[in-house]
Amino acid sequence: MRDERSAKSMNEPADIATARTLSESKTLDTIVRNLPVALFAKDVRDNYRMIMWNHAAEKLFGISAADILGKTDYDMFPQSEADFFRATDERVMQSRHVVDIPEEPITTARGTWPAHTIKVPVYDDEGNPSVLFGIVEDISFEKQSIENYKAKVAAEQANQAKSEFLANMSHELRTPLNSIIGMARLLSPTALNDEQRTMLEAVSKASQMLLKTVDDILDISKIEAKQMELESIGFDATKLAQEIVGMLQPLASQKGLLLSLHQPATPMPPVMGDSVRLARILNNLIGNALKYTHEGQIEVRLDWVQSGKGTLEMRCHVADTGIGIAPEKHALIFQEFSQADSSTTRKYGGTGLGLAITKQLVEMMGGQISVKSAPGQGSVFTFTIPFVIATEIETPEQADQTGRAVAGTQEPGHIRVLVAEDNPLNQLFLEKMLEGFGFTQIHVANDGRQALDLYRSGSFDLVLMDCHMPEKNGYEVASAIRTMEKGGSEHVPIIAMTANVMFGERDKCLAAGMDEYIGKPIDLDKFRQILGQWVKLAPLPDSPSAPAQSYEAPINMQNIRDYSQGNRDRELHIVGLFIEHSRDVLEELRANCVDGVSKPWYEAAHMLKNSAGNIGARKLFELSTQAQNYVSETAQHRLELVDAIEAELRRISYFFYDQGLTSNAA
Ligand code: ADP
């Protein structure tokens with residue numbers, strides 16, 4: 001086709017060719033004029049006067065062609081800029097090459113802006129300089145984008161550094177806290193005088209508060225760094241609310257407040273979601289209600305509606321009769337580090353993080369939270385969360401994707417444990433905990449290298465590995481152990497212990513070949529649960545040195561022995577007191593088997609729970625805890641529970657009779 005056409009044009013008469021050339025140059029001119037890029041041309045032979053200025057150039061420079069054609073740069077731009085343009089123009093013409101000027105400032109009526117310019121030299125048939133073509137573009141936008149991008153990268157790096165700093169700081173704070181909380185827990189069941197017990201309680205309380213603050217800071221930084229992932233496990237939200245309300249009851253009664261839970265009229269089906277985070281939300285809201293209320297009551301109301309096939313919306317109100325919040329502060333209190341009143345910190349303490357975390361968690365779950373409140377009129381916090389209805393409730397073991405056997409069979413006394421931990425306080429604490437679980441063969445390594453040496457020299461059945469140790473860290477030691485095992489059939493369980501609870505830590509431990517992971521401070525029950533996967537542990541040791549007892553005994557005698565220090569009279573005395581006291585409480589409970597909220601019922605249950613705990617009566621402790629959680633129950637349910645309590649008290653009496661600690665058995 002093309003060949004055909006060019007052949008034809010070669011045979012054209014001269015006038016037609018001229019017309020064609022003219023029309024072609026016109027077309028070219030129109031194109032150049034209307035190209036969306038700013039183009040200009042200067043006559044090199046006539047002092048670089050402007051001879052072409054297209055529409056895009058008019059627009060870009062804000063100078064019309066009529067104004068600039070026939071002029072030089074010196075007529076249009078500041079002297080220094082014109083000097084620069086002229087110098088480059090001359091350089092371009094001499095160089096005989098296209099020159100790219102990545103950035104030059106140009107000043108026009110709209111100000112000085114950065115331009116990217118390309119200059120093209122054109123020569124006549126004899127090779128003499130003739131025209132200089134220029135293409136200009138404004139690169140302010142690109143420059144701004146690059147700067148924005150750089151700023152964004154810098155901010156991301158800073159955020160990453162902040163997360164890492166917080167992870168490290170949390171590690172540094174959690175490690176000593178681990179020791180403090182653990183030691184206080186171990187001290188608690190030992191013989192202490194009243195003054196020592198008060199001091200111990202103060203230590204426990206203060207360290208728990210500090211741990212909460214550390215956790216809050218860590219959580220908010222995880223949420224900010226988008227490192228918080230929500231779980232999705234089937235759970236019973238009503239039961240969760242009952243547990244939390246039950247847990248906070250002692251605090252409410254200490255302050256003389258009535259704390260009640262109104263459960264949904266139609267039982268709420270189990271849902272898929274993050275029960276730990278929902279617990280956090282409830283805890284924060286009820287905790288605040290308790291904190292900012294001095295008299296009256298706190299009502300937690302749980303409800304739900306079916307929102308679609310297989311989905312529901314949970315609605316929860318936490319209403320208090322406390323100090324209230326001024327309407328103009330309602331938005332503020334959900335922000336980080338914000339408190340409604342600057343005097344709040346002085347009077348009530350706190351960091352102003354609780355509600356920020358609560359709101360973020362609710363929103364991450366797809367829900368909403370709001371507050372209605374006025375000073376002196378109490379507050380109502382309401383949140384809703386959409387859930388998918390679960391088909392079953394999963395236990396943590398079921399949720400464990402590793403699919404390991406969940407109950408160990410080996411006796412703790414037969415197991416050689418290697419503890420790799422550099423902090424001497426933590427070593428002591430771990431030893432005591434393990435002794436409490438019935439372990440007798442405990443070997444401690446002070447750092448990673450020692451751990452590896454010890455491991456090589458003796459055959460161990462279980463390794464507890466601190467991740468952050470001098471010489472060699474826990475990940476390295478774990479990898480080395482796994483390498484040593486290669487080829488053989490042995491796989492020694494390694495449990496990682498780390499105060500670094502940032503996202504991804506668990507994966508990091510598992511990737512290094514460890515089997516489980518526990519955060520510090522070590523929670524005794526969680527630790528039991530984890531160890532229980534490999535070791536057969538007796539349930540609930542009440543004292544670290546308590547010998548394993550038969551599961552059937554209603555009383556852990558160690559508690560009484562701790563108290564009596566072997567003095568028989570003291571034992572008889574305490575048992576006598578306990579029996580008398582519990583009979584009174586039982587009567588009180590029976591007298592208050594009413595429908596709905598009952599403060600005397602709650603108080604009686606609370607007293608029974610305390611004395612059951614002190615004397616080491618496990619089942620009775622559970623039953624009275626349950627009674628305490630019967631905040632708003634039917635008389636019938638209460639009667640049934642009182643019968644169960646009475647039966648357990650009878651069993652306890654028989655037990656004491658058997659032990660020769662009481663003269664009558666009923
Ligand atoms: P903190 O309690 O640690 O100060 P929060 O984020 O939990 O932080 O709460 C922020 C602020 O909101 C509190 O300082 C308090 O002024 C106000 N506030 C929260 N809950 C209540 C409530 N139930 N009654 C009155 N004021 C409240």
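Right above here is the structure, for reference.
Each chain has its residues counted from 1, running along the sequence as written. A pLDDT threshold of at least 70 governs which residues receive local features in this predicted model, and a stricter bar of 80 or more applies before side-chain atom pairs are shown or counted, although totals over entire chains, interfaces and linings include all residues. Here the side-chain values reflect all heavy atoms present in the structure, with hydrogen atoms and water set aside.

Student: Provide a residue-level description of the pattern of salt bridges, including the pertinent values.
Tutor: We define a salt bridge as a contact between a side-chain nitrogen of Lys or Arg and a carboxyl oxygen of Asp or Glu at a distance within 4 Å. On inspection of all chains with the given rule, the structure shows 25 salt bridges. Residue Lys-152 pairs with Glu-156 through a salt bridge whose shortest N-O separation is 3.8 Å. Highlighted residues: Lys-152 and Glu-156, both in helix α7 (residues 140-187), separated by four residues, approximately one helical turn. Shared partners join several salt bridges into a network, and the residues in it are Lys-42, Asp-73, Asp-89 and Lys-119. Numbering goes from the N terminus for both helices and strands, where a helix is a DSSP run of H or I of at least four residues and a strand is a run of E of at least two.

Student: Talk me through the nonpolar core; I want residue IDs and the actual numbers.
Tutor: In globular proteins that are soluble, nonpolar side chains generally tend to be buried together. The biggest cluster of nonpolar side chains holds 49 residues, and the ones touching the most others in it are Leu-278, Ile-286, Met-314 and Phe-383. Examining the composition of this core, we find that eight residues originate from one element, helix α10 (residues 275-291), more than from any other. Once residues lying within four places of it in the same chain are set aside, the contact partners of Met-314 are Ala-237, Met-268, Leu-278, Leu-302, Asp-303, Trp-304, Phe-383, Thr-384, Ile-385 and Phe-387. As used in this record, nonpolar core signifies buried Ala, Val, Leu, Ile, Met, Phe, Trp, Tyr and Cys residues forming a set joined through side-chain atoms within 4.5 Å. Each residue is assigned to one of three classes by its accessible area relative to the maximum for its type, calculated with a 1.4 Å probe on protein chains only: buried under 20%, partly exposed between the two thresholds, exposed over 50%. Residues count as neighbours in contact if any of their non-hydrogen atoms are within 4.5 Å of one another.

Student: Describe the sheet that holds strand β2 (residues 49-53), naming the residues involved and giving the relevant values.
Tutor: Think of it this way: DSSP has to see at least two bridges between two strands before they count as a pair. Spatially, five strands are ordered β2-β1-β5-β4-β3 in an open sheet, and the strand pairing comes out antiparallel. Two strands close off the open sheet at either side, each with one partner strand: β2 and β3 (99-108). If you compare each strand with its neighbour and ignore which way they point, the axes differ by 35 degrees on average. As paired elements, strand β4 (residues 111-123) and strand β5 (residues 129-138) share nine bridges and run antiparallel to each other. When the bridges of β5 are listed, Ala-115 appears paired with Asp-138. For helices, the axis comes from a line fit to the C-alpha atoms of the stretch in contact; other axes are also lines fit to C-alpha atoms, and the angle between any two N-to-C directions lies between 0 and 180 degrees.

Student: Which residues make up the site of the ligand, and what are the values?
Tutor: With respect to spatial proximity, 21 residues lie near the ligand, and among them Asn-288, Tyr-292, Asp-320, Gln-339 and Leu-355 are the closest. Between N or O atoms, a polar contact is any pair within 3.5 Å; within protein, one atom must be a potential hydrogen donor and the other a potential acceptor, and residues adjacent in sequence are included only when both atoms are from side chains. Asp-320 places a side-chain nitrogen or oxygen 2.8 Å from a nitrogen atom of the ligand. Protein chains shield 97% of the accessible area of the ligand, which is 530 Å² for the free molecule. For the shell around the ligand, the secondary structure elements donating two or more residues are α10, α12 (354-364) and β12 (379-389). Whether a residue is near a molecule or strand depends on its heavy atoms: if one lies within 4 Å, it is near. Computed by Shrake-Rupley with a 1.4 Å probe, the accessible areas treat only the displayed protein chains as cover when residues are assessed.

Student: Can you break down helix α8 (residues 194-224) residue by residue, with the values?
Tutor: By this rule the span expected of a helix is its residue count minus one, scaled by 1.5 Å. Its 31 residues give α8 an end-to-end C-alpha distance of 45 Å, which sits within 8% of 45 Å, the value for a rise of 1.5 Å per residue. Listed in full, the buried residues belonging to α8 are Leu-200, Ser-207, Leu-211, Val-214, Asp-216, Leu-218, Asp-219, Ile-220, Ser-221, Lys-222 and Ile-223. If you check the start of α8, you find a side-chain oxygen 3.1 Å away from the backbone N of Glu-195, and it comes from Asn-193.

Student: Describe unusual backbone geometry, naming the residues involved and giving the relevant values.
Tutor: Residue Tyr-48 is not a glycine yet carries a positive backbone phi of 55 degrees. Despite not being glycine, Arg-96 shows a phi value in the positive range, around 65 degrees. By the element assignment, Arg-96 lies in the loop between α6 (79-95) and β3. Overall, the relative accessible area of 47% leaves Arg-96 in the partly exposed class.

Student: Which residues make up the side chain of Gln-249, and what are the values?
Tutor: By the element assignment, Gln-249 lies in helix α9 (residues 237-254). According to the relative accessible area criterion, Gln-249 is buried, its value standing at 2%.

Student: A description of the state of the cysteines should follow, citing residues and the corresponding values.
Tutor: By convention in this document, the label disulfide applies to cysteine sulfur atom pairs within 2.5 Å. Enumeration according to the criterion identifies zero disulfides in this entry. For the unlinked cysteine Cys-467, the closest cysteine sulfur is that of Cys-509, found at 3.9 Å. Owing to a relative accessible area of 0%, Cys-467 belongs among the buried residues under this scheme.

Student: So, the sheet that holds strand β13 (residues 416-420): which residues are in play, and what are the values?
Tutor: Strand-to-strand pairing in sheets goes through backbone hydrogen bonds, with the strands running parallel or antiparallel. Strand order in the open sheet formed by five strands is β14-β13-β15-β16-β17, and the pairing between neighbours is parallel. On the outer flanks of this sheet lie β14 (441-445) and β17 (516-519), each paired with one strand and no other. Here the average twist between neighbouring strands, direction ignored, is 20 degrees. Note that β13 and strand β15 (residues 462-466) share four bridges and pair parallel. Bridge assignment links Val-417 to a residue of β15, and that residue is Leu-462. Against the sheet, helix α16 (residues 474-485) engages β15 and β16 (494-498), with an angle of about 150 degrees to β15.

Student: Can you explain helix α21 (residues 599-615)? Please cite residues and give values.
Tutor: With 17 residues, α21 extends 25 Å between its outermost C-alpha atoms, agreeing within 8% with the 24 Å of an ideal straight helix rising 1.5 Å per residue. Within the span of α21, buried status applies to Trp-601, Tyr-602, Ala-604, Ala-605, His-606, Leu-608, Lys-609, Ser-611, Ala-612 and Ile-615. Regarding α21, its N-cap is Ser-598, as a side-chain oxygen of that residue lies 3.1 Å from the backbone nitrogen of Trp-601 further along.

Student: Quick rundown of a nonpolar patch on the surface? Include the residues and the values.
Tutor: Candidates for patches are residues over 30% relative accessible area with no salt bridge; among them, like charges are joined within 9 Å and nonpolar side chains (Val, Leu, Ile, Met, Phe, Trp, Tyr) within 5 Å. Together, Ile-31, Leu-35, Val-37 and Ile-135 make up an exposed nonpolar region whose accessible area comes to about 270 Å². With respect to the helices and strands, the residue Leu-35 is situated in the loop between α2 (14-34) and β1 (38-43). In this structure Leu-35 comes out as partly exposed when scored by relative accessible area, which is 32%.

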